[in-house]
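Geometric and topological summary
Given next are the chains, with one letter for each unit.
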Amino acid sequence: MKIPTDPVTLATPFFILTVIGEIVLARYGKLKAHYETKDTATSLTMGLFSTLSGLPFAGVSFAGAMWLYHHRLFTIPMTAAWAWVLVFFAEDLTYYLFHRLSHERRIWWAAHVNHHSSQHYNLSTALRQTWTGGLAGAWALWLPLSFLGFPPSMVLIEKGVSLVYQYWIHTEAIRRLPKWFEAVFNTPSHHRVHHARNPRYLDRNYAGILIIWDRMFGTFQLELDEEAPRYGLVHNLGAFNPLRVAFHEWVGIGADLIRSPRHALGWIFGPPGWSPDGARDTSASLKAAWAARQVQAPSPDKREAA
Amino acid sequence: MHLADLIQLAVSAAAVAAMVGLAAWATRGRGAPPLDEAQARRWLADEFPGARIEGLWIGADGLGALARSGETALVLSRIGDGYVARRIAWDAAASAQFRDGRLSLPLADFGAPRAELRLQAWPPGDLAA
Ligand SMILES: [Zn+2]
Ligand SMILES: [Zn+2]
């Protein structure tokens, strides 16, 4: 079984050249970017090994897609332009769903959290990719596309296109793009919000390529001039070791399961930060506490919060 | 894994080393300033809004701080040019290992195992109880 060459592999030289460009231009004050050596090393190491760690599951997921494709509902030709337009929208909506689940359910958050673990936001952050995505099984979300009749290699190529698109938006160098573009597409500004730990920015802007899904499903948040994003996790990591970055939430789930196995469903499928007594912070509790503070003590950002 | 994949991995690894080296060159001499009381209070207000600070200890090396708020200890620790904040039981902080001017605070978290603080003495006489 031959898995087609993916756009990510083809784009790797472009990733390398642009990271170098961003570092050098920022060094000479030509653009806005903050790099930190250890942070960069961690992000790039995660990226380097993420493709390897995905290999065993790539085979399983592709085989599953092939099987479903043999039992497909329709036959969608890979050679037709309309089919590519269709797969673009279908894949992007699937990505939205995947990404939203990756933030709202702990088992998938465990695989995705590493991408958000940097306190920086630059092109190297884009490469801070998961090592445990295959394990978490979210790849199954793309299987229905093959059952519908999209050839598995077409889906795989489109997934790669999405990943490559999402690379360039990990930058502070681009402030805002033309209004029409910001209205339709995911942009550096929208994705900065997604990487921010400010309560009002939590769990917003799940888009892959099109921001329209967030606007449609009520998860859109504009980047506000009066509230600069602070990047990272609600509880930031205290280590640069890629093993801790890749596995810390899995270890956390394991520890919770041992401590209290009867709450297994909550530990695994509850929102990140869920606990039986509600003692920990979840996005929802942090947002609620933040909103309550806005009412109690008006701050400069109050006028917008209304 | 084919030879071509191995070569690709080796080339990518070399590129990673080059990019990290470049980042080190570009940021040398631009480290984060040592943590002082004003900064520590700003971070505490950000991380633990509304918490009443009853005592504050700043590490002599400016790499961390510890605050008491009732029965909890609020810990700040530098990581790179950012920082980590955690809340632990005051008792755990008060009884944490203190050796050679180094307080090692257990954070009970695989993602942030411990924070170290350089202090003159520990625990503080009046607040340790
Ligand atoms: Zn995300
Ligand atoms: Zn991202």
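So, a few notes on the structure that sits alongside this text.

Moving on: the overall build of chain A. Secondary structure assignment for chain A yields 15 helices and zero strands. For 306 residues, the compact-globule formula gives about 19 Å, and the C-alpha radius of gyration of chain A, at 20 Å, lands near that figure. The principal-axis extents of the C-alpha atoms in chain A amount to approximately 60 × 55 × 40 Å. Taken over 306 residues, chain A has a buried fraction of 48%. As presented, chain A carries roughly 14,000 Å² of accessible surface, and 69% of it is formed by carbon and sulfur atoms. Chain A carries 28 positive and 22 negative side-chain charges, and their two centres are separated by 2 Å.

Below, the discussion takes up the interface of chain A and chain B. The partner chain B presents 32 residues to the 33 residues of chain A that form the contact. Each partner contributes to the roughly 2,900 Å² buried at the junction of chain A and chain B, and carbon and sulfur atoms together form 67% of this total. Taken as a group, Arg27(A), Leu48(A) and Arg244(A) account for 20% of the area that chain A buries against chain B, more than any other trio of residues on that side. Going through the elements one at a time, helix 1 (7-27), helix 2 (37-70) and helix 12 (242-259) of chain A are the ones with two or more residues in the side of chain A that touches chain B. The element that contributes the greatest number of residues to the side of chain A that touches chain B is helix 1 of chain A, accounting for seven residues. A class-by-class count of the residues in the side of chain A that touches chain B yields 18 nonpolar, nine polar and six charged.

Further remarks concern the coordination of the zinc ion (ligand 1). Residue and element names in this part refer to chain A. Surrounding the zinc ion (ligand 1) are the protein donor atoms His 99 (NE2), His 103 (NE2), His 112 (NE2), His 116 (NE2) and His 194 (NE2), at 2.1 Å. The sequence pattern describing where the donors of the zinc ion (ligand 1) fall on their chain is H-x3-H-x8-H-x3-H-x77-H. The distance between the zinc ion (ligand 1) and the zinc ion (ligand 2) comes to 5.7 Å. Taken together, the residues span a long stretch of sequence, with His 99 in helix 3 (residues 81-104) and His 112 in helix 4 (residues 106-112) at a distance of 13 residues. A relative accessible area of 1% means that His 99 is categorised as buried.

This next bit is on a nonpolar patch on the surface. A cluster of nonpolar side chains, Leu73(A), Phe74(A), Phe147(A) and Leu148(A), forms an exposed patch at the surface whose accessible area comes to about 380 Å². Structurally, Leu73(A) is set in the loop between helix 2 and helix 3.

Moving on to the coordination of the zinc ion (ligand 2). Residues and elements named next belong to chain A. Protein-derived ligands of the zinc ion (ligand 2) are His 115 (NE2), His 170 (NE2), His 191 (NE2) and His 195 (NE2), with the metal-ligand distances lying across 2.1 Å. Geometry at the zinc ion (ligand 2) is irregular, judged from its four donor atoms and the angles of 94 to 159 degrees they form at the metal. Taken in chain order, the donor set of the zinc ion (ligand 2) reads H-x54-H-x20-H-x3-H. Residue classification places His 170 among the buried positions, given a relative accessible area of 2%.

A separate point is unusual backbone geometry. The omega torsion of the bond from Trp122(B) to Pro123(B) falls at -5 degrees, within 30 degrees of zero and hence cis. For Pro123(B), the position within the fold is in the segment after strand 7 (114-118). Not every positive phi belongs to a glycine, and Asp203(A) is a case in point at roughly 55 degrees. Mapped onto the secondary structure, Asp203(A) falls in the loop between helix 10 (188-194) and helix 11 (212-217). Using a relative accessible area of 17% as the deciding quantity, one classes Asp203(A) as buried. With phi around 50 degrees, Asp100(B) is a residue other than glycine that occupies positive phi space. Mapped onto the fold, Asp100(B) is located in the loop between strand 5 (97-99) and strand 6 (102-106). For Asp100(B), a relative accessible area of 70% puts it in the exposed group.

Definitions and limits used
Residues numbered from 1 in each chain as written. Chains lettered and ligands numbered in written order. Predicted model: local features only at pLDDT ≥ 70, side-chain atom pairs only at ≥ 80, totals over all residues. Heavy atoms only, no water. Helix = DSSP H or I, 4+ residues; strand = E, 2+ residues; numbered from the N terminus. Rg over C-alpha atoms; globule rule 2.2 N^0.38 Å. Buried < 20%, exposed > 50% of the residue type's maximum accessible area, 1.4 Å probe, protein only. Areas by Shrake-Rupley, 256 points an atom, 1.4 Å probe, with all protein chains shown as cover. Lys, Arg positive; Asp, Glu negative; His and termini not counted. Charge placed at Lys NZ, Arg CZ, Asp CG, Glu CD. Contact = heavy atoms within 4.5 Å. Buried area = accessible area lost by both parts, 1.4 Å probe. Nonpolar A, V, L, I, M, F, W, Y, C, P; charged D, E, K, R; others polar. Donors = N, O, S within 2.8 Å, 3.2 Å for Na, K, Ca; no water. Patch = residues over 30% accessible without salt bridge, like charges linked within 9 Å, V, L, I, M, F, W, Y side chains within 5 Å. Salt bridge = Lys/Arg side-chain N within 4 Å of Asp/Glu carboxyl O. Tetrahedral: all angles 85-135°; square planar, octahedral: opposite > 155°, others 65-115°.

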